[in-house]
Amino acid sequence: MSKLKRLFLTFINRGTHPQLDEDVNRRIMVVNLFSVVGVTITCLLGIRALTEASWILAALLLLSTLLFASAHIVQQTMKNQTGRLISMIVLLGCLMLLMAFLLVTGGVANTGPLWIYTVPPVTLFFAGFKRGLMIVCAFILLMVFILFSPHDALLLTVYSPEFKTRLLLSFMTITFLSAFYECSRETTYVRAVSLREEFEQQALHDQLTQLPNRRGAYAHIDQESRRIQRNGRPFSLVLADIDHFKSINDQFGHSVGDIILQRVARLFVDRLRAQDVVARWGGEEFLFILPDTPQASAAFVAEHLRTALEAQPIVINGHTHNVSASFGVCEFNQDAKLDRVLSLADTALYQAKRAGRNKVTTSSDLSD
Ligand SMILES: Nc1nc2c(ncn2[C@@H]2O[C@H](COP(=O)(O)OP(=O)(O)OP(=O)(O)O)[C@@H](O)[C@H]2O)c(=O)[nH]1
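Quantities reported herein were computed from a predicted structural model and do not represent experimental measurements.

1. Thoughts on the confidence of the model for the protein
And then number 1: Here the protein averages 91 in pLDDT, while 99% of its residues score no lower than 70.
And then number 2: No element of the protein has a lower mean pLDDT than helix α1 (residues 2-13), which averages 81, and none a higher one than strand β3 (residues 285-290), which averages 98.
And then number 3: With a pTM of 0.67, the predicted complex shows an ipTM of 0.96.

Spelled out as structure tokens, the structure:
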């Protein structure tokens, strides 16, 4: 039993991928499910129609079986948006044609119209709220056209006027309910996605400076370490620490300290290249991740930032603050270990502080 369940789940999940949007994955699963259910039902009904010598119905049902199966195959082989669109068009087109045929002929003992209630939920789910509603409305027009044509010219069976009206009204009710459900589902999904993005953003960023926080910095370093394995070009890490920050806080208050942190962060971001990352490593400490930058160039960049900060006093409430920072630089090459590189950058920074602050020190400046 569990083997059968596993087989079924494997089939239903075929073509889904963790990197695809959740909603896309759900649609892929439903196309798989719908094709297997569609194939089974239309195939069984087709065989039954064959035994009852209803040749046209049998041919149509068996053709639908083939089309339902091909929708699944197209989705599995193309594995892209076009493939998904084609399989959706095939499934919906096939469903609509089959329903229109059942409406015209009445199917077995005039029970054919009972199946048309599958149209609104399936269409709205596959095509989404707006597109789905338009398709179902077009189908309603087709129903009106078939059911109320003068002298029943398009019908091969007989329905009472009450049946026709009630069929149409109940179909419209199901359409309304399905559309309402799909609309709220889509709205909830969009809200959930934006909430998730907001939480991810908050988890990886520092609220005060809006820079990546330590967790965010690790994510960027991880990305760079993987890149280095591919292209072999080193990147550098630079730790920067604002000098005598405690005395700024003590003298002018924490809120002034906060503004200084924000301004310094902005200055660093503005002076670096777009591909460089500035993160708030903690307190008054920043980490720069400089892709494709060997240590000598990173030291040059750090020196450029140091002089820029020194040259640009920060004015808050009419008071001018001369802020400086010390920098520790270390290169990250292919064989490097992150802990070691960070520790070397930290030691270089400590060395810069000891040497009088407002300085840049690289790991190669350190004496063993
Ligand atoms: N305003 C403000 N202060 C912070 C924040 N985070 C850490 N600090 C303060 O930063 C100060 C860091 O002080 P220290 O580690 O002694 O370093 P320092 O005074 O900059 O001295 P050196 O680094 O040796 O030049 C402490 O007073 C912390 O309270 C923050 O988010 N906002």
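That covers the picture; the talk isn't over yet.
2. Digging into the site of the ligand
And then number 1: Neighbouring the ligand are 16 residues, the closest being F245, K246, N249, D258 and R280.
And then number 2: R280 has a polar side-chain atom sitting 2.7 Å from an oxygen atom of the ligand.
And then number 3: With respect to the ligand, the side chain of R357 contributes an N or O atom lying 2.8 Å from an oxygen atom.
And then number 4: When the free accessible area of the ligand is taken as 670 Å², the share hidden by the protein chains comes to 67%.
And then number 5: Among the secondary structure elements, those contributing two or more residues to the shell around the ligand are β1 (235-242), α9 (245-252) and α10 (254-271).
And then number 6: Class assignment for the residues of the shell around the ligand results in 3 nonpolar, 5 polar and 8 charged.

3. Some points on a nonpolar patch on the surface
And then number 1: Taken together, the side chains of F8, L9, L33, V37, I41, L45, L114 and W115 define a hydrophobic patch exposed on the protein surface, amounting to about 690 Å² of accessible area.
And then number 2: Put simply, the parts of the chain that give the nonpolar patch at least two residues each are α1 and α2 (22-51).
And then number 3: Considering every element that reaches the nonpolar patch, the biggest residue donor is α2, with 4 residues.
And then number 4: Here L45 lies in helix α2.
And then number 5: The exposure class assigned to L45 is partly exposed, which follows from its relative accessible area of 32%.

4. Examining the pairing of strand β6 (residues 325-332)
And then number 1: Extensive coverage of β6 is indicated by the burial of 7 of its 8 residues.
And then number 2: Here 8 bridges tie β1 to β6, and the two strands are oriented antiparallel to one another. Among the inter-strand pairings, F235 is bridged to a residue of β6, identified as F332.
And then number 3: Sheet topology places β6 next to strand β7 (residues 360-362); 3 bridges connect them, and they run parallel. Bridging across to β7, F327 finds its partner in V360.
And then number 4: Note that the unit made of β6, helix α12 (residues 338-354) and β7 has a crossover that is left-handed.

About the cut-offs
- Residues numbered from 1 in each chain as written.
- Predicted model: local features only at pLDDT ≥ 70, side-chain atom pairs only at ≥ 80, totals over all residues.
- Heavy atoms only, no water.
- pLDDT = per-residue confidence, 0-100.
- Helix = DSSP H or I, 4+ residues; strand = E, 2+ residues; numbered from the N terminus.
- Near = heavy atom within 4 Å.
- Polar contact = N/O pair within 3.5 Å; in protein donor to acceptor, adjacent residues only side chain to side chain.
- Areas by Shrake-Rupley, 256 points an atom, 1.4 Å probe, with all protein chains shown as cover.
- Nonpolar A, V, L, I, M, F, W, Y, C, P; charged D, E, K, R; others polar.
- Patch = residues over 30% accessible without salt bridge, like charges linked within 9 Å, V, L, I, M, F, W, Y side chains within 5 Å.
- Salt bridge = Lys/Arg side-chain N within 4 Å of Asp/Glu carboxyl O.
- Buried < 20%, exposed > 50% of the residue type's maximum accessible area, 1.4 Å probe, protein only.
- Pairing = 2+ DSSP bridges.
- Right-handed = clockwise from strand over helix to strand, strands pointing away.

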